[in-house]
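Spelled out, the chains give:
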Amino acid sequence: MTTQTAENVKLFNSGHTACAGCGLALAARLVLQATGPKVIVVNATGCLEVFTTRSPQTAWGIPWIHSLFENQAAVATGVEAALRALGRGDEARVIAWGGDGASADIGFGGISGMWERYDDVLYICYDNEAYMNTGIQRSGLTPFKGHTSTSPAGKVSLGNMKQKKNIPAIAVAHGLPYVATATVAYPKDLERKVKKAMEVRGPRYLQILVPCPLGWGHATSDTISMSKLAVETGLNPLFEYIDGKLATAMTVKQKPVEEYLKPQSRFKHLFRDAAGAEQIKLIQEIANSNFAKFKVEAVK
Amino acid sequence: MVAKRAKNILIGNPGTSLANKTGSWRVFMPVYDKTKCTACGMCSMMCPDGCVHGDKIKKYDPDYDYCKGCGVCAKVCPVKCITMKEEQK
Ligand SMILES: Cc1ncc(C[n+]2csc(CCOP(=O)(O)OP(=O)(O)O)c2C)c(N)n1
Ligand code: SF4
Ligand code: SF4
Ligand code: SF4
Ligand SMILES: [Mg+2]
């Protein structure tokens, strides 16, 4: 197990203003511990940008630039091209980083273009499953039946009506050489995937599930257990696609989805009556189909 | 060559967030019992604020200047030697 050293703590520093227990703040540090200092980060608007750069302070110890909400991929392409034009391509690799809103919705056209051009950029989507920085609005990666301020649970609906958009599959369809999912409860797996992604040239995609105590409504101390349960229930399978083929999928002991849903207030409306119980059955079906799809053997 | 700094562009110096002592946010405080600590490093690895430091010999301590009291370290410690106590200010 790699523990923090004085050297790598400087890549991502304390004093940032993320909420207590923020899974994203943990993910940012773990990613940079794996890449080391030779990276330039292009960061779309969202929590990561806001809580790391309370102007004029910054938590970053590596070169970092804030793009707009929607053009992080285009800016990353420019930074990568500039490094090559200056003959400094071997001094740093480029990482574009955005939330689920920036990645799956508003910035997606630019990301698709970057993948099509086959630019040498690692794209990381940190998935906290809503537009958190502006007060928990639904995104394309908000889970089925999750309550947000724009998919409210009430008399008319029981939360978000759509399932998560399958961005990893869309990435694979673009012909990317490396596509993977990870989450903070498995730091060694995350570290291995970041390192693997950095070994590959061309466009790469990593989607990291990051529990958000504020938006998900769980205890700040439960960030790691929520991240783990998301995997153990099958709702967020961890896998890698190398050159378009499923290369690895994490094997877990399958747990019922209720264990994951219950501690989060964004799902509390599902535990009130029979209508909610019906929806939980549908969520269990999503989990079961993920287990089947990724051939994850459920260890009983 | 000294790089010229563009005007009207906000540039921050690396790690200047360290001036921001987020420990003042704390409501609960993690108290580490070093007699039971096995120095596994799990608390340090998992702290969202990156503020637990130590090694095999010194064992591990939270930096109360930055610790927000989330309780993640207490939950992940395999030997349960971290207790969350109400903050005394
Ligand atoms: C073009 C544009 N529209 C809207 C906003 C307002 N805005 C800032 S952050 C944000 C939410 C970002 O959501 P996500 O990408 O999921 O990141 P998170 O905040 O969850 O970390 C929004 C809507 C903006 N900055 N620019
Ligand atoms: S709203 Fe969520 S993602 Fe944003 S800083 Fe708070 S806990 Fe982290
Ligand atoms: S309580 Fe939270 S912020 Fe404080 S040391 Fe433990 S994990 Fe870090
Ligand atoms: S997790 Fe517990 S046992 Fe491990 S280093 Fe931290 S305090 Fe010690
Ligand atoms: Mg988000």
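Use the structure listed above.
Residues numbered from 1 in each chain as written. Chains lettered and ligands numbered in written order. Predicted model: local features only at pLDDT ≥ 70, side-chain atom pairs only at ≥ 80, totals over all residues. Heavy atoms only, no water.

Draft legend 1. Broad picture of the sheet that holds strand 5 (residues 178-183) of chain A. Residues and elements named next belong to chain A. Taking strand neighbours across the sheet as the criterion, the 8 strands line up as 2-1-3-4-6-5-7-8 in an open arrangement whose pairing is mixed. Every other strand in the sheet has two partners, leaving strand 2 (64-66) and strand 8 (245-249) as the edge strands with one partner each. In this sheet, adjacent strand axes meet at a mean angle of 20° when their direction is disregarded. Across 6 bridges, strand 5 lies against strand 6 (residues 204-209) in parallel orientation. Counterpart to Thr181 in the pairing with strand 6 is Gln207. (Pairing = 2+ DSSP bridges. Helix = DSSP H or I, 4+ residues; strand = E, 2+ residues; numbered from the N terminus. Axes fitted to C-alpha atoms, helices over the stretch in contact; angles between N-to-C directions.)

Draft legend 2. Fine view of the site of ligand 3. Around ligand 3, the structure places 13 residues, and the nearest of them are Cys47(B), Cys67(B), Cys70(B), Gly71(B) and Cys73(B). Among the residues forming the shell around ligand 3, the class breakdown is 10 nonpolar, 2 polar and 1 charged. (Near = heavy atom within 4 Å. Nonpolar A, V, L, I, M, F, W, Y, C, P; charged D, E, K, R; others polar.)

Draft legend 3. The pairing of strand 1 (residues 39-43) of chain A, seen in detail. Residues and elements named next belong to chain A. Most of strand 1 is tucked away: 5 of the 5 residues are buried. Burial of the side chains of strand 1 extends over both faces: Val39, Val41 and Asn43 are buried on one face and Ile40 and Val42 on the other. Across 5 bridges, strand 1 lies against strand 3 (residues 93-99) in parallel orientation. Residue pairing in the sheet places Asn43 in a bridge with Trp97 of strand 3. (Buried < 20%, exposed > 50% of the residue type's maximum accessible area, 1.4 Å probe, protein only.)

Draft legend 4. Structural context of the side chain of Glu87(B). All names here are of chain B. Inspection of the secondary structure assignment puts Glu87 in the segment after strand 4 (82-86). Within the structure, the side chain of Glu87 is placed 2.7 Å from the side chain of Arg26, a separation counted as a polar contact. Apart from the residues lying within four places of it in its own chain, the contact partners of Glu87 are Arg26, Val27, Phe28 and Met29. (Polar contact = N/O pair within 3.5 Å; in protein donor to acceptor, adjacent residues only side chain to side chain. Contact = heavy atoms within 4.5 Å.)

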